[in-house]
Amino acid sequence: MIEIIELASSMAPYLLLGFLLAGLMHAFIPKVLYSKYLGGNSFRAVFNAALLGIPLPLCSCGVLPTAMSLRKEGASKAATVSFLISTPQTGVDSIIATYSLMGLAFALLRPLIAFVTSLIGGLMVGWFVADNNSVIAQSTIPLEQKKTTFLHRVSDALHYAYIEMMQDIGKWLVVGLIVAGLITVFVPDSFFAIFADKPFLSMLLVLVFAIPMYLCATGSIPIAVALMLKGLSPGTALVLLIAGPAVNVASTLVISKVMGKRTLFIYLASIIVCSIFFGLGLDCFLPREWFTEHLSYIYNCHEQGLSYFNIGCFVLLLVLLCNAFIYKWRKSQSRHCQCNEDACGGALSQEEKSEFVVSGMRCNHCAANVKNALLKVDGVKSVDVTLSDGHVIVYGRVKKLDILKSVEDLGFDIVSRDGE
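Treat the numbers as computed from the prediction; the structure is a model and nothing was measured.

Rules used throughout
- Residues numbered from 1 in each chain as written.
- Predicted model: local features only at pLDDT ≥ 70, side-chain atom pairs only at ≥ 80, totals over all residues.
- Heavy atoms only, no water.
- Helix = DSSP H or I, 4+ residues; strand = E, 2+ residues; numbered from the N terminus.
- Buried < 20%, exposed > 50% of the residue type's maximum accessible area, 1.4 Å probe, protein only.
- Contact = heavy atoms within 4.5 Å.
- Areas by Shrake-Rupley, 256 points an atom, 1.4 Å probe, with all protein chains shown as cover.
- Salt bridge = Lys/Arg side-chain N within 4 Å of Asp/Glu carboxyl O.
- Patch = residues over 30% accessible without salt bridge, like charges linked within 9 Å, V, L, I, M, F, W, Y side chains within 5 Å.
- Axes fitted to C-alpha atoms, helices over the stretch in contact; angles between N-to-C directions.
- Parallel < 35°, antiparallel > 145°, perpendicular 65-115°, else oblique.
- Left-handed = near helix turned anticlockwise from the far one by under 90°.
- Nonpolar A, V, L, I, M, F, W, Y, C, P; charged D, E, K, R; others polar.
- Pairing = 2+ DSSP bridges.
- 1 Å grid on protein atoms, 1.4 Å probe; cavity = no way out; pocket = protein on both sides within 12 Å on 5 of 7 lines; lining within 4 Å.
- Points joined across faces, edges and corners; volume = space filled by probe spheres on them.
- pLDDT = per-residue confidence, 0-100.

(A) Just the overall build of the chain, in detail. In terms of helices and strands, the chain carries 17 helices and four strands. Split into buried and exposed, the 420 residues of the chain put 52% on the buried side. The contacts in the chain between residues at least 6 apart in sequence include a share of 84% that link residues at least 24 apart. Of the roughly 19700 Å² of accessible surface on the chain, 65% is carried by carbon and sulfur atoms.

(B) The arrangement of the pattern of salt bridges in detail. Considering all chains together, one arrives at three salt bridges under this definition. Where Asp413 meets Lys257, a salt bridge forms, and the shortest distance between an N and an O atom there is 2.5 Å. With a gap of 156 residues between them, Asp413 in strand 4 (residues 413-417) and Lys257 in helix 12 (residues 249-259) connect regions that are remote in the sequence. Overall, Asp413 belongs to the partly exposed group, its relative accessible area being 34%. What makes Lys257 partly exposed here is its relative accessible area of 43%.

(C) Representation of a nonpolar patch on the surface within the structure. On the surface, a nonpolar cluster with roughly 450 Å² of combined accessible area is contributed by Val174, Ile178, Leu182, Val185 and Phe186. Overall, Leu182 belongs to the partly exposed group, its relative accessible area being 44%.

(D) Seen up close, helix 6 (residues 92-102). Counting buried positions along helix 6 yields nine of eleven residues, so the element is predominantly enclosed. For helix 6, the full list of buried residues reads Val92, Asp93, Ser94, Ile96, Ala97, Thr98, Ser100, Leu101 and Met102. Positioned one or two residues after helix 6, Gly103 has a phi angle of 95 degrees, which is positive.

(E) View of the packing of helix 6 against helix 10 (residues 220-229). Where helix 6 contacts helix 10, the two axes come as close as 10 Å, and the packing angle between them is 25 degrees. Considering their axes alone, helix 6 and helix 10 lie roughly parallel with respect to each other. Relative to helix 10, the crossing made by helix 6 is right-handed. Facing Ser94, Ala97, Thr98, Leu101 and Met102 of helix 6, the residues of helix 10 in contact are Ile221, Pro222, Ala224, Val225 and Met228. The residue inventory of the contact of helix 6 with helix 10, partitioned by class, reads eight nonpolar, two polar and no charged.

(F) Here's a closer look at the side chain of Asn48. Secondary-structure assignment places Asn48 in helix 3 (residues 43-53). Looking at Asn48, the relative accessible area reads 16%, which means it is buried. Once you skip the residues sitting within four places of it in the chain, Asn48 turns out to touch Tyr37 and Leu38.

(G) Summary view of the pairing of strand 1 (residues 353-359). Where burial is concerned, the two faces of strand 1 differ: the one with Ser354, Phe356 and Val358 is buried and the one with Lys353, Glu355, Val357 and Ser359 is not. Where strand 1 and strand 3 (residues 391-395) come together, five bridges link them in antiparallel fashion. Residue pairing in the sheet places Phe356 in a bridge with Val392 of strand 3.

(H) Spatial organisation of empty space enclosed by the protein. Summed over the entire model, instances satisfying the criterion amount to two cavities of 30 Å³ or more. Considered as a void within the structure, the largest cavity measures approximately 60 Å³ in volume. What lines the largest cavity is Pro57, Leu58, Cys59, Pro88, Thr90, Asp93, Ser94, Ile169, Cys216, Ala217 and Thr218. Within the lining of the largest cavity, the residues separate by chemical class into seven nonpolar, three polar and one charged. When its volume is computed, the second largest cavity comes out at roughly 40 Å³. Looking at the second largest cavity, the residues that line it are Pro57, Leu58, Cys59, Met165, Asp168, Ile169 and His365. Among the elements that take part in the lining of the second largest cavity, helix 8 (residues 150-186) stands out by supplying three residues, more than any other. Class assignment of the residues belonging to the lining of the second largest cavity gives a composition of five nonpolar, one polar and one charged.

(I) Quick look at the packing of helix 10 against helix 11 (residues 234-246). Following both chains from N to C, one finds helix 10 and helix 11 inclined at 160 degrees, their axes separated by 9 Å at the closest point. In this view, helix 10 runs roughly antiparallel relative to helix 11, as classed from their interaxial angle. Considering only the axes of helix 10 and helix 11, their crossing is right-handed. Contacts between helix 10 and helix 11 involve Ser220, Ile221, Ile223, Ala224, Leu227 and Met228 on the former and, on the latter, Pro234, Ala237, Leu240, Leu241 and Pro245. Residue composition of the contact of helix 10 with helix 11, by class: ten nonpolar, one polar and no charged.

(J) Structural context of the confidence of the model for the chain. Across the chain, the average pLDDT comes to 81, with 84% of residues at or above 70. Residue range residues 134-145 is modelled with pLDDT below 50. Its contacts to residues more than four positions away, or to other chains, number 19 contacts. The model gives residues 338-350 a pLDDT under 50, and that stretch makes ten contacts with residues more than four places away or in other chains.

See below:
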């Protein structure tokens, strides 16, 4: 337990700062920028998609509906794949957290390699996959064009940072810390000795476990640190940091369904090949001390004890996490109550109300993308989405096929409708 607390306390100040910066980006950067420059198979579109994805704090499930929305608004397959590869690997929060536990070298290399990998994957898709998307990206996000005051945006930034993001990432961060603690306590130091002179074999082993799992960019950091403390090479840790957040079972299914098997093959191949290539390159050509020196600092902190500042940040982070999950639980309970008539435009007849369950939503980004997509359907007056159980209520006279298409275009499935 003490190992988990020490890891969390070391990360806490940087996590709090990273969440705040992510919230400020969400509140102050217009979302239309993410769909305006991604049309076509040109190098510029792929470059823009990779560059836009690097700082965004989206996990590997939250990036899926966002990318599918961009695709629907006119982004090419090449740009969409580039965005899908670069975004979940990094994020302003995970970059800062990487620096806190793994040092400056990892913090600089991680986004750089994510950028290069996404460029390669996007360009390969542009060269070898036909794209018949003729939609021109438009600035059609009316909900985000409302004028708001500076204080309102600050409030929105804080809510996004310390409520929504903590709901989405918090669980996986805790899981990552627990796994790291279990590795530190129960895995003997000699366990990975057989891989000391076999880095390629250790990277393949990491890929086997990392690719199907769901790992967020921040939650993978303590696991990578724990593996390095047990003797695995920095290059192997880099493979985990690249492939773990970028790929999981859900992402492979959605990409295959929406963009085809050839696109999926290139997507997976670019991530696997680039992660091993850069991992081996790191081990062979860069000084090991660049990547292990910070681990010595963490070990010394373990011997000397934690500062009051780190402990205070850890307590604050714990309080904010608890508050976020309590808020989520209360919101889930209130959603099951009857809808407020004012919010729904007055009392609605049964014929104007459609209820169904959407499978695959895992975070607030998923729920927000489903809601925004349904609000664009002709005849829809209001939409209520409950993330916890996937329950969606659409108010207004609308065709069921239009609802089905809007949801499936994002990569989700409707598993039941109107209680069926």
